[in-house]
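Descriptive analysis of the structure
What follows is each chain in one-letter form.
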Amino acid sequence: MQPALPVPRVVVLRPVPTVLAIGVLLCCRQVLAQPVVPLSENDFLSDMPIVLSVSRLAQRQDETPGAVTILDRDMIRRSGARDVADLLRLVPGFRVSNSFESVAPQVGYHGIFGRYSNRVELLIDGRSAYSPYFIGSVAPGLQTVALQDIERMEVLRGSNSAAYGARAFLGVINIVTRHTADTLGGEGSLTMGQNGIHDAQARIGWSAGPGSIRLSADRRADDGLEGAYVSNSVSRVNLRADWYTAAGHELQLRLGALNLDSGRGQKSYPSDPLRPFRFDSAYAQLDYKVVLSSDEDLAFKLSRSQEHYREEFPVSLLSYGINDVYMVRGNGEAQSDAVSLQYTQRHSETLRSVVGGEYRSERIVSAPLYNTSAPFDTDFLRLFGNLEWRLAPDWLLNAGALAENSSVTGNTLAPRLMLNWHLAPGHTVRAGVSKAFRPPSSYEKFADVRYIVNGIPPLKNTLSTGQAEPETLLAKELGYLGDFPDWRLGLDVRLFQERFDKLIYIQTKPSPSDYRNDAAFDLRGLEYQLKLQPWQGGQVVFGQTYIDNTYATGRENLTHASTATSKRTSSLALFQQLPGQWNLTLLHTDNSPVKLVADRPQPQRRTDLRLAKALRWGAQRGELALVVQNLGSAYADFKRDYLFQQQAYITLRLEN
């Protein structure tokens, strides 16, 4: 786990590829030539969206204690993305990999990006969906639900341990699925195209007494990145039920299962051969909400998740001076149980609060990873609270904290204080400070991976001495959220200073490998997102992040990691309605050279195009869409030998 910390010297946005410029010109010509129906502005330059996942209070976006990017259902569909991770390329500060090398496509924020996405929290309808087996990675969780079932995604850019604990070290991705009452009837889609792309999805929703139920199933498959394992497939089934048992009482049930069938390895490394793996998971979640009065409500949540991983492959031991082959195994399983209670109250017109607690228990069993069949159990007890106090009509204070006890690493406290000032209608300035912790995972604390060959003393690969301490983060930020209706423009700006200390990394020399804490270092930077309606029927979303860093000298891994974060990341999206129920999307992302895993820095630039036609036959609706991803040349993803090539595919979607 190596932090990546480069320093930008010149602020430059590379020219958008020629095809993007041509597309923009064609759109403008079409718009000027023929009248079109204006695009909906529900989340662009209109009423301020309500955000659910920052302080655990439902708040306007300009009153949350942090910067939030919202990806709504319309943007998700029109992006042409095939998975959630790919969508996060549009969020300032996020870096995305499409590789399945670390089990599934993964994401990182501000360059703290290793083999596992384990420093951001993933919530799916309020359920924490990170993987205990994979060092807290959210990568498998990002594959849990189909894009068609998502209502919106709320992405908090910055630490949120004050609301959700250790895993929200660098932010929260909250996936809100569609209410079952909005998905009655049937829907199906089929996608086929280059690189072996073959996706299928089906969904049915129906009324059930005082509520409604939705059942959906889908499969996503392709041949993966060039140079990586041959094929990837993601299969999942999800059920959601919503019942209103009495006035003010709501009961929700969610069940789901996921199968990842993919592979890992590199063609040119005998010690890391191409081989398949299989990951299966399942979850159950029960939510009960009751409105106690017009000023207070209570929410209860109960969930369980299970994971199973299977991987076996032969490796030559010649590098150890042994003329033999060893069968490497990575099999294991994990289980998580969580129960929480949350009480929300409006004390007056100027004061609201939310308090609650959560108990979470995690169990991991894997003889290959821990050299024992005994389970490793970790229990978490969390108490949290947030106070929203309107000091004056234009001043809002959010004060919150979460106290956490881990049965392995002890007690931590994550506080946050944020002040929002509405300096004018549609213009808000935000300033505050927060502190976060991330304790080492079971693997980082207790790993014991060794090769045992017929009568020869064990060859240890990884042996954790248990010395790793919790990581810490002190974050300061200054933000601005502005709405300029006369210019059809919205602006979200965040200035940040993040002080990291004791980040956990794997020390590979001398052998065996061990997990240790690193020296303190700072990240400073600017990120912003601009939303614009430059002409009728068109929307532009442009985001950039610039990062400067000052890190402790004399530490080998920090020095080597200094090229692992992009100095600059940029994203540009154009959504354009055309005559005749056609619509066009152009997406461009451009990252300055970034260090790949155990490799030299590589730039990453990609341009996607989507052209779609809405269909209608009476009450039946649908859409036919062509997507071309990566109109430019292939680029290295995760490793130098893994290339993301151009690929085109067609999707037909029908619903009633």
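Rules behind the numbers
Residues numbered from 1 in each chain as written. Predicted model: local features only at pLDDT ≥ 70, side-chain atom pairs only at ≥ 80, totals over all residues. Heavy atoms only, no water. Phe/Tyr/Trp six-rings, centres within 6.5 Å; stacked < 30°, edge-to-face > 60°. Buried < 20%, exposed > 50% of the residue type's maximum accessible area, 1.4 Å probe, protein only. Helix = DSSP H or I, 4+ residues; strand = E, 2+ residues; numbered from the N terminus. Lys NZ or Arg CZ within 6 Å of the ring centre and 35° of its normal. Core = buried A, V, L, I, M, F, W, Y, C linked by side-chain atoms within 4.5 Å. Contact = heavy atoms within 4.5 Å. 1 Å grid on protein atoms, 1.4 Å probe; cavity = no way out; pocket = protein on both sides within 12 Å on 5 of 7 lines; lining within 4 Å. Points joined across faces, edges and corners; volume = space filled by probe spheres on them. Nonpolar A, V, L, I, M, F, W, Y, C, P; charged D, E, K, R; others polar. pLDDT = per-residue confidence, 0-100. Pairing = 2+ DSSP bridges. Patch = residues over 30% accessible without salt bridge, like charges linked within 9 Å, V, L, I, M, F, W, Y side chains within 5 Å. Areas by Shrake-Rupley, 256 points an atom, 1.4 Å probe, with all protein chains shown as cover. Salt bridge = Lys/Arg side-chain N within 4 Å of Asp/Glu carboxyl O.

Attention shifts here to the packing of aromatic side chains. Under the definition given, this model contains 18 aromatic pairs. With centroids separated by 5.0 Å and ring planes inclined at 80°, the aromatic side chains of Tyr133 and Phe134 adopt a geometry described as edge-to-face. In this pair, the class of Tyr133 matches that of Phe134, namely buried. Taken together, a centroid distance of 5.1 Å and an interplanar angle of 5° make the contact between Trp395 and Trp421 stacked. Of the two residues, Trp395 sits in strand 22 (residues 395–406) while Trp421 sits in strand 23 (residues 410–424), which places them 26 residues apart along the sequence. Residue classification places Trp421 among the partly exposed positions, given a relative accessible area of 34%. In textbook terms, an aromatic cluster arises when at least three aromatic residues are bridged by ring pairs, as seen for Tyr116, Tyr133, Phe134, Phe277, Phe279 and Tyr309. When the ring centre of Tyr649 is taken as origin, the NZ or CZ atom of Arg82, which lies over that ring, is 5.8 Å away. Between the NZ or CZ atom of Arg167 and the centre of the ring of Tyr130, over which it lies, the distance is 4.8 Å.

Time to look at the nonpolar core. Residues Leu88, Val107, Met153, Ile173 and Ile175 are the most contacted members of the largest nonpolar core, which totals 43 residues. Each residue touching Ile175, except ones within four places of it in the same chain, is listed here: Val84, Leu122, Leu123, Ile124, Asp125, Val145, Ile150, Arg152 and Met153. Listed in part, the 25 residues of the second largest apolar core include Tyr133, Val234, Ile364 and Ala447.

What follows is about the environment of Tyr515. Note that Tyr515 resides in strand 30 (residues 514–517). Judged by relative accessible area, Tyr515 falls into the buried class, the value being 5%. The spatial distance from the C-alpha of Tyr515 to the C-alpha of Lys445 is 7.5 Å, given a sequence separation of 70 residues. Not counting residues up to four positions away in its chain, the partners in contact with Tyr515 are Ile135, Tyr443, Glu444, Thr462, Ala468, Ile504, Tyr505 and Ile506.

In total, this model carries 15 cavities of 30 Å³ or more according to the counting rule given. In this structure, the second largest cavity spans a volume of roughly 230 Å³. Lining of the second largest cavity is provided by 21 residues; of these, Arg89, Phe94, Val96, Thr589 and Asn591 occupy positions nearest its centre. Elements with a contribution of two residues or more to the lining of the second largest cavity: strand 4 (94–97), strand 32 (538–551), strand 33 (568–578), strand 34 (582–595), strand 35 (601–617) and strand 37 (635–637). Of the residues contributing to the lining of the second largest cavity, the split by class is five nonpolar, eleven polar and five charged.

Here the focus is the confidence of the model for the protein. Taken over all residues, the pLDDT of the protein has a mean of 87, while the share at 70 or more is 88%. Scored below 50 in pLDDT, residues 1–46 makes 114 contacts in the model with residues more than four places away or belonging to other chains. Confidence over residues 552–563 falls short of pLDDT 50; this stretch has 31 contacts with residues more than four positions distant or in other chains.

Bringing the sheet that holds strand 9 (residues 171–177) into the picture now. What the five strands build is an open sheet, ordered 3-8-9-6-7; its pairing is mixed. Two strands bound the open sheet, and with one partner strand each, they are strand 3 (67–72) and strand 7 (127–128).

Quick look at a nonpolar patch on the surface now. Where nonpolar side chains cluster on the molecular surface, the patch consists of Trp582, Leu611, Trp617, Leu624, Leu626, Ile650, Leu652 and Leu654 and spans about 700 Å² of accessible area. When residues of the nonpolar patch are traced back to their parent elements, those giving at least two are strand 35, strand 36 (620–629) and strand 39 (647–655). A total of three residues in the nonpolar patch trace back to one element, the largest contributor, which is strand 39. Relative to the assigned elements, Leu626 resides in strand 36. Residue classification places Leu626 among the partly exposed positions, given a relative accessible area of 36%.

Our next topic: unusual backbone geometry. Glycine aside, negative phi is the norm for most residues, and most peptide bonds take the trans geometry. A cis amide bond, omega -5°, links Lys509 with the succeeding residue Pro510. Look at the link from Ser511 to Pro512: it is a cis peptide, with omega at 0°. With respect to the element layout, Pro512 can be found in the loop between strand 29 (504–507) and strand 30. The backbone of Val103 shows a phi angle near 85°, a positive value even though the residue is not glycine. Assignment of secondary structure puts Val103 in the loop between strand 4 and strand 5 (106–109). On the accessibility criterion, Val103 (1% relative accessible area) is buried. Residue Arg488 is not a glycine yet carries a positive backbone phi of 55°. The partly exposed category is assigned to Arg488, whose relative accessible area is 42%.

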